[in-house]
Structure formats: C-alpha cells, structure tokens
Amino acid sequence: MIYDAIVVGSGPGGAIAASELVRRGHSVLMVDRAAFPRDKVCGDGMPSSVIQKLTELDIKVNSRAFQHQRIEGIYLQSYSGRSLVIPERPSNMYSMVAPRLNFDYFLHQHALACGVRFEVMDVVEPLLENGSDGSDKHVVGIIERRGTQRVEHEARVVIAADGASSVIVRGLRGRVASPEETAVAIRAYGTPRTPAIEPLVRFYYLRHLTPGYGWIFPAGESRVNVGLGLFDQAVYKAGRKDLKTLLAEFLDSVSSEFSIELDAQTVKSWPIPVWTTMESRVVNGAYLVGDAGRFADALTGGGIFPAIVTGHLAAIAVDRHLHGASLSDATRLYDESWRQGLGRSLKRLLTVRDTVIARPRVFDGVMLAGTTLPFTKKLLLSNLAGQHA
Ligand SMILES: Cc1cc2nc3c(=O)[nH]c(=O)nc-3n(C[C@H](O)[C@H](O)[C@H](O)COP(=O)(O)OP(=O)(O)OC[C@H]3O[C@@H](n4cnc5c(N)ncnc54)[C@H](O)[C@@H]3O)c2cc1C
C-alpha cells in the first residue's frame, strides 16, 4: 500500500502532524521505534502556549487528560545569586509540568482516536528515488529494519518527526545539527526530603556553565524533575566534567534550600538541536518537524511547543501538496508559515540568550530592573519561561 503520508516518530510533533493529516482525510501511517507509553528524556516543563495551541487544535487539556502539575510562576536566580519570583497570571491557559510518559501517551492516543494507523518500527533510513528529470533525489518512503531484513514502505510524502537523532535527516544531510546548534541536557526525577515544594519552575543560572542553567521543576505526586541544560559545548568540554558530576554539583549547591533524593534509574542525558537559522525545513521532499528540524528554542531548550506547532503547519502544507499543489509551493507554504510566527519568536529567544544570558553583568542588571519594573518582569517571564507570544 502507498500511504498518503508516513510520519516517522510519535512524539508531540509526529502525533500532531499525523492526526491533523487524518482529520483532513488522508491515509497516514505513523511509526515509532518505541511502543507507547514511553518515556522521553525531558524537563517536562511546558509554557502556557502549549495548552493554548492544543485548545486551538480542539484537544482538551484538563486534570483528567494526563497527570500534570499546574505552575503558578517562575523562580529565577542569576549567576550572582540575585533571585526573582515572577507569578503567572491565573488563567485556564496555564504553564505546567507534565511527565512526558503521560503527556506523549495522551497525544499518541489522540492520534489513534483520530484514525491514524500506528506501527512499532525501527526505521533506518529514508527511501530515495532519483528525480525523473535528473533532479535531486526525492524521499518516497522509509526503510525499516526487521531482524536481518530491510523492508520498504512507500508514501507520497514523508514527515520526519523522529527527534534529535533523526535517521531521516541523517540519511539526507549526514547530521541533524552541528555542535554549535546542539545543546546537551541531563535530567532526573527525585523526591524532595523537605515536604512541600511550591508550584514554581525554578531556573538557576550557573556562572561556570554560561549560558547554562540548572532546573528544579515540581512534577506532581511529591516528585521533582531536576536537570541541567548547557548551550555552549565549548564551555562544557573545557570544564572536563561529565554531566552526572555537574548535576551532582548543582544539587549540592542548592542543598540548603532543597535536599533531593534522586531516582538513579532516571538520570539520563540527550542532545537538543536548537534553532539558529531560517533555512528551509523541507529536504529532498521530506518535511522536518520538531527536534528533527532543529526547532527547540536556544534560550531554554524548550522544544515541545515548537514540535506541536511545526507538526500542525507541516500537516497543512502536506495537505495542500496532496491536493495538487506543487512541491515547491507546499515547501514555500510550510517555510513561510513557521518563519512568520514561531521563527520570529525563536529568533528573539536566541537573541536574548546571546545578548543577555551569555553576559553575566547584563543579566544581573536586567534582574535588578525586574525587581522594580513590572514591564521588565513581564518580559523576563515571557522570555525565560520560553513563551512564544
Ligand atoms: C534533558 C532534556 C530536557 C528538556 N526539557 C524540556 C522542557 O522542559 N520543555 C520543553 O518544551 N522541551 C524540553 N526538552 C526538549 C524536548 O524534549 C524536545 O524538543 C521534544 O521532545 C521534541 O519533540 P519531537 O516530537 O520533535 O521529538 P521526540 O519527542 O524526541 O519524539 C521523537 C520520536 O521518534 C522516535 N524515533 C526516533 N528514532 C526513530 C527511528 N529510527 N525509528 C522510529 N522511531 C524513531 C522516538 O522513539 C520518539 O518517540 C528537553 C530535552 C532534553 C534532552
């Protein structure tokens, strides 16, 4: 069978792309190497724009949908130790911390409920065909590894939503992102020995890892999600310490405030390909979505919202293509639509990182202004919480 579309990956980007295509009447095969529910290494933090976007897509989020912790504000600590609490305005569209085990399963189930066909499959590379007129190779499907066999699956369009180690993107371009475009992050779940933890996401900027930060997020059920996000690999490598050591040092540095017992099995690290350029996210006819398209924001590493948005926009462009628009028109539609809204805010967040966060004295000055000026406070909240206005 030749599907209208094959979506590789059932994370937030893939699940939304697949369900939006099926809702538009297309036959879609979504594949993932993992059976769901599955964990994804993540801080689990989501700005209020995630609920806004899901609501726009008619996906209802409430306390029964999946386990999550509602967030009431953000705690920021700059390199010098200056700190600030910025409350979030109460609203139905709130920020949350939702363990990905549950959140991704919720979106995956939504896709199945929409009529998406799903198969667990280890994809090894894109299936390519030479252009009839001698033009560039074109992606016409995927190749699965089944035991010692390689099995081909064909589709009119392929959407690569297979994350930071995307085999589709590596098969087309050699790598997903350069070291300069790749943040590294480590996360773990733990239990605070101190009883109550406020519903705040806590960011601690760390001078020796500029522009990097440690986080402590309340994950519900008296658990916390803790971790480190490092955005300059040169700084990380020069420090000659591995991520586990750096995480232990970070938790030591906050131990007078929080004493946290880590669940050793959950200590895991993973790269984050961050957004740096407006270049096209359609390669050899394949549409790149979420981490596979380097859409995480370069300031916080937040990639869930961008994955959902690009999954939706890719589905709109692919729908046009399947209804007869040329590949170049559909490519233009996808690129122009993500550049206009999401692209602008990703650019802003990258600029804030390079002009404020990467300069400790400037960052301290901004924090000082934030304690007195409501406008600066609001600006800090929207940027540092990774909001996409
Ligand atoms: C430590 C850490 C902390 C983070 N914290 C946050 C945070 O707090 N908030 C936030 O917004 N973002 C955070 N991020 C980023 C966020 O996790 C990603 O940006 C987001 O998951 C991207 O979604 P996606 O759908 O593109 O890809 P993914 O969620 O990675 O999904 C990709 C899917 O593809 C599947 N897949 C991969 N390869 C294959 C293959 N060969 N064959 C078949 N299937 C395959 C995988 O199994 C997976 O299910 C963090 C990242 C890390 C590493």
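None of the values given here were measured: they were computed from a predicted structure.

Chemist: Tell me about the overall build of the protein chain, residues and numbers included.
Modeler: Along the protein chain, the regular secondary structure elements total ten helices and 19 strands. Taken over C-alpha atoms, the radius of gyration comes to 21 Å for the protein chain, in line with the 21 Å a tight globule of 389 residues would show. Summarising its shape, the C-alpha atoms of the protein chain cover approximately 65 × 40 × 40 Å along the three principal directions. When the 389 residues of the protein chain are sorted by exposure, 57% land in the buried category.

Chemist: An account of the side chain of His 110 is needed here, citing residue identities and associated values.
Modeler: By secondary structure assignment, the location of His 110 is in helix α3 (residues 100-114). Take His 110: its relative accessible area is 15%, and that puts it in the buried class. In contact with His 110, other than residues within four places in its own chain, are Ser 19, Arg 23 and Ile 59.

Chemist: Break down the environment of His 26 for me, citing the residues and quoting the values.
Modeler: Here His 26 shows up in the loop between α1 (12-23) and β2 (28-32). As for His 26 and Thr 245, which are separated by 219 residues in sequence, their C-alpha atoms are 49 Å apart. If we skip the residues at most four places from it in the chain, His 26 touches Asp 4, Leu 21, Asp 319, Leu 322 and His 323. Here Asp 319 takes part through its side chain, which lies 2.6 Å from a polar atom of the side chain of His 26.

Chemist: Provide a residue-level description of the site of the ligand, including the pertinent values.
Modeler: Near the ligand there are 35 residues, and of these Asp 32, Gly 43, Gly 45, Arg 100 and Asp 291 occur at the shortest range. In this structure, an oxygen atom belonging to the ligand sits 3.0 Å away from a main-chain N or O atom of Gly 13. In this structure, a nitrogen atom belonging to the ligand sits 3.5 Å away from a main-chain N or O atom of Gly 301. Relative to its unbound accessible area of 1,000 Å², the ligand is 95% covered by the protein chains. Going through the elements one at a time, α1, β12 (182-192), β14 (212-220), β17 (268-273) and α7 (304-322) are the ones with two or more residues in the shell around the ligand.

Chemist: How would you sum up helix α2 (residues 48-56)? Please name residues and give values.
Modeler: Restricting attention to buried positions, one finds in α2 the residues Ser 48, Ser 49, Val 50, Ile 51, Lys 53 and Leu 54. Check the buried side of α2 and you find it contacts α1, β3 (45-46), β7 (96-97), α3 and α7. Directly after α2, the chain includes Asp 58, whose backbone phi takes a positive value near 70 degrees.

Criteria and thresholds
- Chains are numbered independently. Their residues run from 1 in the order of the written sequence.
- Confidence filtering applies because this is a predicted model: local features only for residues at pLDDT of at least 70, side-chain atom pairs given and counted only at 80 or more, and all residues used for totals across whole chains, interfaces and linings.
- Hydrogens and water molecules were not included; the side-chain quantities draw on all heavy atoms of the structure.
- By the criteria applied, helices consist of DSSP H or I runs no shorter than four residues and strands consist of E runs no shorter than two, each listed in order from the N terminus.
- C-alpha atoms define the radius of gyration, and 2.2 Å times the number of residues to the power 0.38 defines the globule rule.
- The rule is simple: take the accessible area with a 1.4 Å probe, protein chains only, and divide by the maximum for that residue type; under 20% is buried, over 50% is exposed, in between is partly exposed.
- Any two residues whose heavy atoms approach within 4.5 Å are treated as being in contact.
- Think of a polar contact as two N or O atoms within 3.5 Å of one another; within protein, one of them needs to be a possible hydrogen donor and the other a possible acceptor, and neighboring residues in sequence only count if both atoms come from side chains.
- If even one non-hydrogen atom of a residue comes within 4 Å of a molecule or strand, that residue is called near it.
- Per-residue and other accessible areas follow the Shrake-Rupley method at a 1.4 Å probe size, with only the shown protein chains counted as cover for residues.

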